[in-house]
Amino acid sequence: MACQDVKRPERPDDLISEEKMVDIFVDAYLMNAARSISVQTINESGIKLDSVLYKKYAIDSLQFVKSNAYYTSNLNGYIELFTKVETKLHAIKEQKDSVQKAFQKEQGFQQKIDSVKQEQKLVQPVASDSLATEE
């Protein structure tokens with residue numbers, strides 16, 4: 001019963017749209033993945049990933065915190081929001097995988113072409129063959 005007395009945050013005047021929040025979280029997950037792969041490179045370059053998000057989406061940290069607090073006050077809505085994030089991340093992964101497969105297929109095709117070219121170089125016409133055709 002005590003939980004019913006919890007005051008939920010009011011809707012901020014500058015609430016970030018749900019679609020934009022999804023995009024922000026997708027980018028945040030991708031940036032965190034990049035950070036886990038090469039944190040040293042990111043640190044050495046002086047890139048502040050949070051600042052990149054704020055600039056890209058034309059928001060500030062307070063606006064993000066208030067919007068996030070508002071969305072988290074509705075657990076079912078927040079779960080739906082992250083379901084959309086997950087769907088987008090899966091789509092990005094599938095796209096990356098398909099591009100990678102196409103690249104590997106192209107490389108395999110190029111290797112076959114190179115192999116055929118190499119075989120053709122091994123079978124060169126002999127001078128006596130060219131003389132026989134001229135006569």
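Keep in mind it's a predicted model, so treat the numbers as computed, not measured.

Draft legend 1. Summary view of the pattern of salt bridges. One pass over the full model with this rule turns up 5 salt bridges. Residue E18 pairs with K84 through a salt bridge whose shortest N-O separation is 2.8 Å. In this pair, E18 sits in helix 1 (residues 18–45) while K84 sits in helix 4 (residues 75–122), placing the two residues 66 residues apart along the sequence. Here D23 makes a salt bridge to K88, at a shortest N to O gap of 2.5 Å. Remark: K88 occurs in helix 4 and D23 occurs in helix 1; sequence separation between them is 65 residues. Three or more residues joined by partner-sharing salt bridges are found here, namely K93, K96 and D97.

Draft legend 2. Focus on the side chain of S67. By the element assignment, S67 lies in helix 3 (residues 61–72). Beyond its immediate stretch of four places on either side in the chain, S67 contacts P12, D14, L15, I16 and M21.

Draft legend 3. Structural detail: the nonpolar core. Residues M21, I24, F25, F64 and L81 are the most contacted members of the largest nonpolar core, which totals 19 residues. Only helix 1, helix 2 (49–56), helix 3 and helix 4 provide two or more residues apiece to this core. It is helix 1 that contributes the most residues to this core, 8 residues altogether.

Draft legend 4. Highlighting the packing of aromatic side chains. In the structure shown here, the tally under the stated rule is 5 aromatic pairs. Between F25 and F64, the ring centres sit 5.8 Å apart and the planes meet at 65 degrees, which makes this aromatic pair edge-to-face. Here F64 lies in helix 3 and F25 lies in helix 1, a separation of 39 residues in the sequence. Note on F25: relative accessible area 10%, which makes it buried. Look at F64 and you get buried, because its relative accessible area is 17%. Between Y70 and Y71, the ring centres sit 5.8 Å apart and the planes meet at 70 degrees, which makes this aromatic pair edge-to-face. The class for Y70 is partly exposed, based on a relative accessible area of 25%.

Reading the values: the criteria
- The written sequence of each chain sets the order in which its residues are numbered from 1.
- Given that the model is predicted, a residue must reach a pLDDT of at least 70 before its local features are reported, and side-chain atom pairs must reach 80 or more before they are shown or counted; all residues, however, enter totals for whole chains, interfaces and linings.
- Only hydrogens and water are set aside; all other atoms, that is, all heavy atoms of the structure, feed into the side-chain values.
- Whenever Lys or Arg places a side-chain nitrogen within 4 Å of a carboxyl oxygen from Asp or Glu, that contact is recorded as a salt bridge.
- Numbering of helices and strands starts at the N terminus; helices are DSSP runs of H or I of at least 4 residues and strands are runs of E of at least 2.
- In this analysis, two residues are considered to be in contact whenever any of their non-hydrogen atoms come within 4.5 Å of each other.
- Definition used in this section: a nonpolar core is a set of buried Ala, Val, Leu, Ile, Met, Phe, Trp, Tyr and Cys residues joined via side-chain atoms within 4.5 Å.
- The classification of residues rests on relative accessible area computed with a 1.4 Å probe and restricted to protein chains. Under 20% of the type maximum is buried, over 50% is exposed, and intermediate values are partly exposed.
- Ring geometry is summarised as follows: Phe, Tyr and Trp rings, the Trp one being its six-membered ring, pair when their centres sit within 6.5 Å, and such pairs are stacked at plane angles under 30 degrees, edge-to-face over 60 and tilted between the two.

These figures come from the coordinates and say nothing about function on their own.
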